[in-house]
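Coordinate analysis (summary)
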Amino acid sequence: MKYRYLLLILLSGLLSLTGNAKQTVTDSTVIITQSEVFDATVATEQYLQTLTEEQKENSDAYFEGGYWLDLWDLLIGFVIALVFLSFGLSRLIKNIAEKIRNVHFQNFIYLVLYFLFSYILVFPFTIFRGFFREHNYGLSNMDFGGWFSEEMIGLALTLFFGSIFIAFLYWVISKVKQTWWIWGSTIMVVFMVFSMIISPVFISPLFNEYKPLEDQKIKEEILSMARANGVPADNVYQFDASKQSNRISANVSGFGGTTRVSLNDNLLNQCSSAEIKAVMAHELGHYVLNHIYEMLIYIAILIFIGMAFVNWAFNKLITRFKKKWAIAGISDIVGFPLIVFLFSAFFFIASPVMNNIIRSNEVEADIFGLNTAREPDGFASVAMKLSTYRKISPGKLEEIVFFDHPSGKTRVYNAMIWKAEHLDEE
Ligand SMILES: [Zn+2]
């Protein structure tokens, strides 16, 4: 599901290693045998050839389609902003909200209506991308009812928490005027931390059931790695992602006291113990290397730059379209659709930067994982399993611009280099 407006809640999911393993479930770990001298490049090629041409075409099409859908997402955002501003929907819902006396509560009602109407306007795109397309590529296990009810939970969270949060932001804006974007950025960062703290405890359980890891053997292996790296043992969970899809996934979520490592049942059911170890060592890497806190700092910086841009562009545009839009100033809620569009346009342009920030942490976690699990073949075969969902072998520039995780090819190659250099240590 996609929290379209509470994009910051997404952060809790950013550090996840996800993928789909539907088509390679049965072949478990493929140990590539070495000839006389182990050659990492040759071994990598051997791994890549375990995919059929058809599997490769499918995953390329799915992933490359995503680039275009992100662009469409932005264009649709532009149209929505037009509908609200130029066709007067924003003014109309403000008039409805004004039937209430208290001005801050007016803003809250405006926001609920704004989120609701824009959700409805985007819905055809949402259903195509989130439901039909996923089914077309065989990536979803959900029937329409299940998918829709998750959408409704997401929408309800946005309508309630999103509206309260933004209404609070407008209350602050009404006090500080010109410096609003500095205060706004600060409050957004605070809200992001708050979302990260509550997410594993209150948000994630709305979608999946989380419980302590059941399989004792796997549990001991993971906990042993956790202990060796100073990760508290009671922070490892499993959850039932198979109700949504066949994707293998594990993640680190939370903040401070709620930080935890979770792995899903697909990973447990579809992978060998070497593969599970390799993935979990990667996740422990995120935990041990404090990636959540590092990400928070990077994203906070991006938010400040983004808000400075919004401030600049907003003032220019409301002067330019003074007659048409009649937005009184930054504290006039009628201008909110413009802020949303400018902010999402900024993050669209900044997405290669964002991808590189995330991917550099993923590379670190990969290295940590290889050193900790010492399962290069387990890691390589999981990287192959993620290929139905992520293009396995992109061009160099393509990987830099579009990939928020290293590609399968890069991961397999790095694992094989590691293997080549540690062959004599067994
Ligand atoms: Zn990761």
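Refer to the structure above for everything that follows.
Residues numbered from 1 in each chain as written. Predicted model: local features only at pLDDT ≥ 70, side-chain atom pairs only at ≥ 80, totals over all residues. Heavy atoms only, no water.

1. Topic: the overall build of the chain
Test applied: Helix and strand definitions follow DSSP, with helices as H or I runs of at least four residues and strands as E runs of at least two, each counted in order from the N terminus. Just to be clear, the radius of gyration here is over C-alpha atoms, and the globule rule we use is 2.2 Å times residues to the power 0.38. Burial classification: accessible surface area is computed with a 1.4 Å probe over protein chains only, and a residue below 20% of its type maximum counts as buried, one above 50% as exposed, and the rest as partly exposed. Here, residues are in contact when the closest pair of their heavy atoms is within 4.5 Å. The positive count covers Lys and Arg only, the negative count covers Asp and Glu only, and His and the chain ends enter neither. Charged side chains are reduced to one point each, which is NZ for Lys, CZ for Arg, CG for Asp and CD for Glu.
A count of helices and strands for the chain gives 17 helices and 5 strands. Here the C-alpha atoms of the chain give a radius of gyration of 23 Å, agreeing with the 22 Å that 2.2 N^0.38 yields for 426 residues. Counting only C-alpha atoms and orienting by the principal axes, one finds that the chain spans roughly 75 × 45 × 40 Å. Of all 426 residues assigned to the chain, the portion counted as buried reaches 55%. The long-range fraction of contacts in the chain, counting pairs at least 24 apart against all pairs at least 6 apart in sequence, stands at 80%. Of the charged side chains in the chain, 34 are positive and 40 negative; the average position of the first set lies 16 Å away from that of the second.

2. Things to note about the side chain of Lys391
Cut-off, in case you're wondering: In protein, a polar contact requires one atom able to donate a hydrogen and another able to accept it; more generally it is a pair of N or O atoms within 3.5 Å, and residues adjacent in sequence count only if both atoms are side-chain atoms.
Its location among the elements puts Lys391 in the loop between α15 (376–385) and α16 (396–402). Here the side chain of Lys391 touches Glu64 through a polar contact of 2.5 Å, side chain to side chain. Setting aside residues up to four positions removed in sequence, Lys391 forms contacts with Ser59, Asp60, Phe63, Glu64, Tyr67, Glu398, Phe403, Ser407 and Gly408.

3. Quick word on the coordination of the zinc ion
Keep this limit in mind: Listed donors are limited to N, O and S atoms within 2.8 Å of the metal, widened to 3.2 Å for Na, K and Ca; water is not among them, so incomplete-looking sites are possible. In short, tetrahedral needs four donors with all angles between 85 and 135 degrees, square planar needs four and octahedral six donors with opposite donors over 155 degrees apart and all other angles between 65 and 115, and whatever is left is irregular.
Each protein donor to the zinc ion is listed here as His282 (NE2), His286 (NE2), Glu362 (OE) and Glu362 (OE); together their distances run 2.0 to 2.8 Å. For the zinc ion, the 4 donor atoms in the first shell make angles of 51 to 141° at the metal, a pattern classed as irregular. Mapped onto the sequence, the donors of the zinc ion take the spacing H-x3-H-x75-E. Placement of His286 in helix α10 (residues 273–288) and of Glu362 in helix α14 (residues 351–373) is noted, with a sequence separation of 76 residues between them. What makes His286 buried here is its relative accessible area of 1%.

4. Re helix α5 (residues 103–136)
Selection criterion: For a helix, the expected span equals 1.5 Å multiplied by the residue count minus one. What is called the bend at a residue is the angle between a pair of axes, fitted to the seven residues leading up to and ending at it and to the seven starting from it.
A rise of 1.5 Å per residue sets the reference length of α5, with its 34 residues, at 50 Å; its end C-alpha atoms lie 47 Å apart and thus fit the reference within 8%. Of all the bends in α5, the greatest, near 55°, is centred on Phe123, and the proline Pro124 appears no more than four residues after it. Two to three positions downstream of the cap, the backbone nitrogen of Phe105 sits 3.0 Å from a side-chain oxygen, assigning the N-cap of α5 to Asn102. Gly138 lies just past α5 and shows a positive phi near 65°.

5. Regarding unusual backbone geometry
One can expect most non-glycine residues to show negative phi and most peptide bonds to be in trans. A positive phi is found at Ala326, a non-glycine position, where the angle reads about 50°. Residue placement: Ala326 occurs in the loop between α12 (322–325) and α13 (336–349). Assessed through its relative accessible area of 40%, Ala326 is described here as partly exposed. For Arg374, which is not glycine, the phi torsion reads 55° and is therefore positive. For Arg374, the location among the structural elements is in the loop between α14 and α15.

6. A short note on the packing of helix α3 (residues 53–85) against α13
Between two packed helices, the angle of one axis relative to the other and the distance separating the axes together describe the packing. The line we're drawing: Convention adopted: a line fitted to C-alpha atoms gives each axis, helices being fitted over their contacting stretch, and angles between N-to-C directions are expressed from 0 to 180 degrees. Each angle receives one of four descriptions, namely roughly parallel if under 35 degrees, roughly antiparallel if over 145, roughly perpendicular if within 65 to 115, and oblique otherwise. Definitions for this section: a left-handed crossing has its near helix turned counterclockwise from the far helix by less than a right angle. A right-handed crossing has that turn clockwise. By the convention adopted, Pro, Cys, Tyr, Trp, Phe, Met, Ile, Leu, Val and Ala count as nonpolar, Lys, Arg, Asp and Glu as charged, and the other residues, Gly among them, as polar.
The contact between α3 and α13 brings their axes to 9 Å, and the two run at 165°. Taken together, α3 and α13 sit at an angle that is classed as roughly antiparallel. Once α3 is placed against α13, the crossing between them reads as left-handed. When α3 is examined against α13, the residues Asp70, Leu71, Leu74, Gly77, Phe78, Ala81, Phe84 and Leu85 are found in contact with a partner set consisting of Pro337, Leu338, Phe341, Ser344, Ala345 and Phe348. Per-class residue counts for the contact of α3 with α13 are 11 nonpolar, 2 polar and 1 charged.

7. Brief notes about the environment of Phe125
For Phe125, the position within the fold is in helix α5. On a C-alpha basis, the gap between Phe125 and Ile76 in space is 8.6 Å, while along the polypeptide they are 49 residues apart. Leave out the neighbours within four places in its chain, and Phe125 touches Leu69, Trp72, Asp73 and Ile76.

8. Observations concerning the packing of aromatic side chains
Heads up, the rule is: Aromatic rings from Phe, Tyr and Trp, taking only the six-membered ring of Trp, are treated as a pair when their centres fall within 6.5 Å; an angle between ring planes under 30 degrees marks them as stacked, one over 60 as edge-to-face, and anything in between as tilted. Charge-over-ring contacts are defined here by two conditions on Lys NZ or Arg CZ: a distance within 6 Å of the ring centre and an angle within 35 degrees of the ring normal.
Inspection of the entire model under this criterion finds 32 aromatic pairs. Judged by centre distance (6.1 Å) and plane angle (85°), the ring pair of Phe123 and Phe148 falls under edge-to-face. With Phe123 in helix α5 and Phe148 in helix α6 (residues 144–176), this pair connects stretches of sequence that are 25 residues apart. Residue class for Phe148 comes out partly exposed when judged on its relative accessible area of 32%. Arranged with centres 4.9 Å apart and planes meeting at 70°, the rings of Phe255 and Tyr293 form a pair that is edge-to-face. Highlighted residues: Phe255 in the loop between β4 (247–253) and β5 (260–264) and Tyr293 in helix α11 (residues 291–320), separated in sequence by 38 residues. The ring centre of Tyr237 lies 4.1 Å from the NZ or CZ of Arg260, which sits over that ring. Across from the ring centre of Phe321, 4.9 Å away, lies the NZ or CZ of Arg320, which sits over that ring.

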